[in-house]
Amino acid sequence: MFSWWDNTTSIYFPNLGIKLANVPRGFSLFGFDIAFYGVLIAIGMLGGIMMAEWQAKRSGQNPDDYSTFALWAIPLSVIGARIYEVIFDWDYYKGNLKEIVNLRNGGLAIYGGVIVAVSFAFLYCKIKKMKGGVLVDTGILGMLVGQIIGRWGNFFNRECFGNYTDSLFAMQIQVSDGNLSSYFKPSVVSDARLAEMYAGKDNALAAIMEIRNNITMSVDGLECVQVQPTFLYEGLWNLALLIILICVWKHKKFDGEILLLYLFGYGLGRLWIEGLRTDQLFLWNTGIAVSQLLSGILVVVCGGMILFLRSRAKKKGIKPLYCDY
């Protein structure tokens, strides 16, 4: 009736003295496999709705407006996140069309979800006759909660990790783990084949080769890759960002400022974290990491907009709606 699914390998944090034995990817219920990736995304969505409703009530808005918005925005955001992933990894998906609708193995790019959610927010505001800046300021806190929780799905999928490291937070994943990409298994993908696959992407190739060349032994005597747990870094960064945005809310100078601060703060963290990752999406036929490029643009553009709009609001004495409690 109930059993753990795909729990034959362990994950280690050697420099912290932590061993997580037999980490499952999910569980089976009545013969149906349910991945923790999907479960955590669902929990993140629920947590995000609760956060948006809490902030709406706290700032004198109607929480029901955000429940209704979430019913539409969440599925649209998931579709947007998947489309973004497929577009920038088309070389893989064009030969595996069935995988486009298979979300259990991951493959949701957050920037695609943000773009769709924010775009839909302004359409929703037009229909409901709400101020768009107020809605996105409130709703983006919910999206951030969803990101913090959902990112842990990458841990259970053994994905979205970074390059080789021997730092305090170094994480070891068994080479024999069936979920580990074949790129990190010299016995499966040769150096020559890997070089062919990553032609023109020298930095990414060098990072993967460094991992392959530093395969180490776990405390159990098993071959492991040793990498940066970038999902952990991003989760902690986003948690800190969420706390900052909640604290800054009552000091904002214009509606829409919280959204811009989120884009600036998340972009700044992603700019750094994306540089560590080994599973980047690239602009077509280039070695340019698309999420890192977008993050850099967001930091510059949103940072400039925040400075300009705060200065303008201060000069005009404009007070944003729903700013005080």
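In what follows, the structure referred to is the one given above.
The notes below deal with the structure included here. (Residues numbered from 1 in each chain as written. Predicted model: local features only at pLDDT ≥ 70, side-chain atom pairs only at ≥ 80, totals over all residues. Heavy atoms only, no water.)

### Focus on the overall build of the chain
For step 1, the next point in the chain: When helices and strands are tallied, the chain shows eleven helices and eight strands.
For step 2, the next point in the chain: For 325 residues, the compact-globule formula gives about 20 Å, and the C-alpha radius of gyration of the chain, at 21 Å, lands near that figure.
For step 3, the next point in the chain: Overall size of the chain, expressed as C-alpha extent along the three principal axes, is 65 × 50 × 40 Å.
For step 4, the next point in the chain: The buried share of the chain, taken over its 325 residues, is 49%.
For step 5, the next point in the chain: Intrachain contacts of the chain at a sequence separation of at least 6 include 72% that bridge at least 24 residues.
For step 6, the next point in the chain: Split by element, the accessible area of the chain, about 16000 Å² in all, is 65% carbon and sulfur. (Helix = DSSP H or I, 4+ residues; strand = E, 2+ residues; numbered from the N terminus. Rg over C-alpha atoms; globule rule 2.2 N^0.38 Å. Buried < 20%, exposed > 50% of the residue type's maximum accessible area, 1.4 Å probe, protein only. Contact = heavy atoms within 4.5 Å. Areas by Shrake-Rupley, 256 points an atom, 1.4 Å probe, with all protein chains shown as cover.)

### Some words on the packing of aromatic side chains
For step 1, the next point in the chain: This model, assessed by the stated rule, comprises 19 aromatic pairs.
For step 2, the next point in the chain: Aromatic pair phenylalanine 69 and phenylalanine 120: ring centres 5.6 Å apart, planes at 20°, arrangement stacked. Note that phenylalanine 69 is positioned in helix H2 (residues 63-88) and phenylalanine 120 in helix H4 (residues 110-128), a separation of 51 residues in sequence. Each member of the pair, phenylalanine 69 as well as phenylalanine 120, carries the same accessibility label: buried. (Phe/Tyr/Trp six-rings, centres within 6.5 Å; stacked < 30°, edge-to-face > 60°.)

### Side note on helix H1 (residues 36-58)
Residues spaced three or four apart along an α-helix face the same direction, because each turn holds 3.6 residues.
For step 1, the next point in the chain: Here H1 contains 23 residues, and its C-alpha end-to-end distance of 32 Å stays within 8% of the 33 Å for a straight helix at 1.5 Å per residue.
For step 2, the next point in the chain: Listed as buried for H1 are Phe36, Tyr37, Leu40, Ile41, Gly44, Gly47, Gly48, Met51, Ala52, Gln55 and Ala56.
For step 3, the next point in the chain: Positioned one or two residues after H1, glycine 60 has a phi angle of 80°, which is positive. (Expected span 1.5 Å × (residues − 1).)

### Structural notes on helix H5 (residues 132-150)
For step 1, the next point in the chain: With 19 residues, H5 should cover 27 Å at 1.5 Å per step; its first-to-last C-alpha distance of 26 Å lies within 8% of that length.
For step 2, the next point in the chain: With 16 of 19 residues buried, H5 lies mostly within the body of the structure.

### Topic: the nonpolar core
For step 1, the next point in the chain: Formed by 46 residues in total, the largest nonpolar core has its most connected members in Leu135, Leu141, Leu242, Leu245 and Tyr262.
For step 2, the next point in the chain: Within the residue set of this core, elements represented by two or more residues are H1, H2, H4, H5, helix H9 (230-248), helix H10 (257-274) and helix H11 (290-316).
For step 3, the next point in the chain: Sequence-distant contacts of tyrosine 262, defined by excluding residues within four places in its chain, comprise Val114, Ile140, Leu144, Gln147, Leu241, Leu245 and Gly267.
For step 4, the next point in the chain: Counting residues in each nonpolar core, the second largest holds 23 residues, with Val23, Phe155, Ala204 and Phe231 among its members. (Core = buried A, V, L, I, M, F, W, Y, C linked by side-chain atoms within 4.5 Å.)

### So, a nonpolar patch on the surface
For step 1, the next point in the chain: Where nonpolar side chains cluster on the molecular surface, the patch consists of Leu71, Trp72, Leu76, Ile79, Ile83, Ile87 and Trp284 and spans about 760 Å² of accessible area.
For step 2, the next point in the chain: Since its relative accessible area comes to 38%, isoleucine 87 is described here as partly exposed. (Patch = residues over 30% accessible without salt bridge, like charges linked within 9 Å, V, L, I, M, F, W, Y side chains within 5 Å. Salt bridge = Lys/Arg side-chain N within 4 Å of Asp/Glu carboxyl O.)

### So, the sheet that holds strand E4 (residues 26-29)
Strand pairing in a sheet is mediated by backbone hydrogen bonds. Such pairs are either parallel or antiparallel.
For step 1, the next point in the chain: Spatial strand order, E1-E4-E5: three strands in an open sheet with antiparallel pairing. Looking at which strands have only one partner, the edges of the open sheet turn out to be strand E1 (2-5) and strand E5 (32-35). When the angles between neighbouring strand axes are averaged without regard to direction, this sheet yields 30°.
For step 2, the next point in the chain: As paired strands, E4 and E5 are joined by four bridges and run antiparallel to one another. Bridging across to E5, glycine 26 finds its partner in alanine 35.
For step 3, the next point in the chain: Across the face of the sheet, H1 comes into contact with E1, E4 and E5 while running at roughly 55° to E5. (Pairing = 2+ DSSP bridges. Axes fitted to C-alpha atoms, helices over the stretch in contact; angles between N-to-C directions.)

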